[in-house]
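Results of the structural survey
Listed below are the residues making up each chain.
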Amino acid sequence: MQIPGHIDPVPVPRNVTPRADGRVDLMGLAKAQIRELFAEAGLDAKQAKLRSKQVFHWIYHRGVSDFGDMTDISKKLRPWLDARFVIARPEVAEAQVSEDGTRKWLLRTADAQDYEMVFIPDADRGTLCISSQVGCTLNCRFCHTGTMRLVRNLTPGEIVGQVMLARDALGEWPRGNMDLSDQESADTYRADAYRADGRMLTNIVLMGMGEPLYNFDNVRDAMAVVMDGEGLSLSKRRITLSTSGVVPMMEKAGEEIGVNLAVSLHAVTKDIRDEIVPINKKYGIEELLEACAAYPGANNARRITFEYVMLKDKNDSDEDARELVRLIKRYGLPAKVNLIPFNPWPGAVYECSEPERIKAFSKIIFDAGISAPVRTPRGRDIDAACGQLKTAATKLSRAERDRLEAEAAG
Ligand code: SAH
Ligand code: SF4
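Throughout what follows, the structure given in this document is the object of discussion.

So, how was this worked out
- Residues numbered from 1 in each chain as written.
- Chains lettered and ligands numbered in written order.
- Predicted model: local features only at pLDDT ≥ 70, side-chain atom pairs only at ≥ 80, totals over all residues.
- Heavy atoms only, no water.
- Near = heavy atom within 4 Å.
- 1 Å grid on protein atoms, 1.4 Å probe; cavity = no way out; pocket = protein on both sides within 12 Å on 5 of 7 lines; lining within 4 Å.
- Sits in = over half its atoms within 2 Å of the grid points.
- Nonpolar A, V, L, I, M, F, W, Y, C, P; charged D, E, K, R; others polar.
- Buried < 20%, exposed > 50% of the residue type's maximum accessible area, 1.4 Å probe, protein only.
- Helix = DSSP H or I, 4+ residues; strand = E, 2+ residues; numbered from the N terminus.
- Pairing = 2+ DSSP bridges.
- Polar contact = N/O pair within 3.5 Å; in protein donor to acceptor, adjacent residues only side chain to side chain.
- Areas by Shrake-Rupley, 256 points an atom, 1.4 Å probe, with all protein chains shown as cover.

Let us look at the site of ligand 2. Neighbouring ligand 2 are the residues Cys136, Leu138, Cys140, Cys143, Gly146, Gly210 and Ser244. A majority-of-atoms criterion places ligand 2 in the largest cavity. In terms of residue class, the shell around ligand 2 is made up of 4 nonpolar, 3 polar and no charged.

What follows is the structure, given as structure tokens:
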């Protein structure tokens, strides 16, 4: 049977980003890779080891992106590094702040692909929602990202670069005589900081654009740097990967990435899930739930989150809620359910369920002993809410883009 839409992984373009100036971008590379690059460029083994360790520390503990500021590296070596390497950030094409404090950044890769990231501040945490691909090859019918034509995998550098950029924007690099961040903005953020070490960015969710398990290697390598004790040092318990259900990659994800798992379930019958999450035609609900039951590391302390978008008269009946409970119990899953009110976008064919309906749905699940909070939509006014991410650039037609480019060129 022909499956509508593209649901196969797109090829991974590259690992190390070649730049026009010939320098190699170190962003997102493991310490061992940096060491190899230093050795290839001519440092002896001992130097390569020492310098890679120092540079890695400066990048991820200090937020430094200029070799000239790396004060424990000899003055002679700094320009040598600068001639061959660079520590880049994604380019910020646009930054917006919602009336509820949610922030969204439109980012641009070196080859002019646009993607987005969102920061959601809460009372007790700050969550950064990052993208794994430009666009998405899976065409879930309620998701705006799924309608994007341009798709490419993001590199580890582009994935880690999002976290680095958020830290820059939130003024979160440690202070002290080596710190270079702007005094005033750092103080402003410190006033409402969440953690003892003054950081607002406490959690990461891979819930932006793209299907992370269709960009497995790059997501794995990026998360390794994010979790590395000498890197960004974020705990795997504070990172959640959301998948639409790429069953063959789930066990590997548990073993090789090891972060919390969220699964976009959204329906409990084959008919409805086939319609709204087309990957279901390839990997059905039973297979998906079996893969969840086998997910390494899931237990009552680290439950799997089932995401369920509330679509009016589509998947929101009492019977659907009861079936959801039955399924979770049948597979013995340590689970919680996240009910997401549908976020509308222009041209969407669905409507959000009524608040009363969502409450009734949630109550059935709660009464069965499973947590089922309703997620408050955040940043809707700036199109930053779940499923609304579709970059402004790709919303323009080709002709409009050409015209703008011609204008910009002068
Ligand atoms: N591709 C991954 C991760 C990105 S989507 C996945 O599908 O899981 C993050 C979450 O937002 C998913 O649960 C997705 O189904 C949900 N979502 C997509 N479009 C939405 C919309 N319009 N309203 C509410 N949630 C949506
Ligand atoms: Fe892709 Fe997730 Fe959107 Fe589906 S919901 S189209 S998998 S980003």
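Another aspect to go through is the pairing of strand 5 (residues 114–121). Strand 5 sits mainly inside the fold: 8 of its 8 residues count as buried. Alternating residues of strand 5 divide into Asp114, Glu116, Val118 and Ile120 and Tyr115, Met117, Phe119 and Pro121, and every residue in both groups is buried. Pairing of strand 4 (residues 103–108) with strand 5 involves 6 bridges; the strand directions are antiparallel. Following the sheet pairing, Arg103 is matched in strand 5 by Phe119. Connecting strand 4 to the antiparallel partner strand 5 that follows it, the hairpin turn spans 5 residues, and Ala112 within it adopts a positive phi of roughly 65°.

Inspection of the region around ligand 1 gives 21 residues, with Phe142, Gly210, Ser242, Ser264 and His266 positioned closest. Contact distances for ligand 1 include 2.6 Å between an oxygen atom and a side-chain N or O atom of His266. Contact between ligand 1 and Asn343: a nitrogen atom at 2.9 Å from a main-chain N or O atom of the residue. Burial of ligand 1 by the protein amounts to 96% of the accessible area it has alone, namely 530 Å². One can see that ligand 1 is located within the largest cavity. Those elements that provide at least two residues to the shell around ligand 1 are strand 10 (239–243), strand 12 (304–310) and strand 13 (335–341). Tallied by class, residues from the shell around ligand 1 come to 10 nonpolar, 9 polar and 2 charged.

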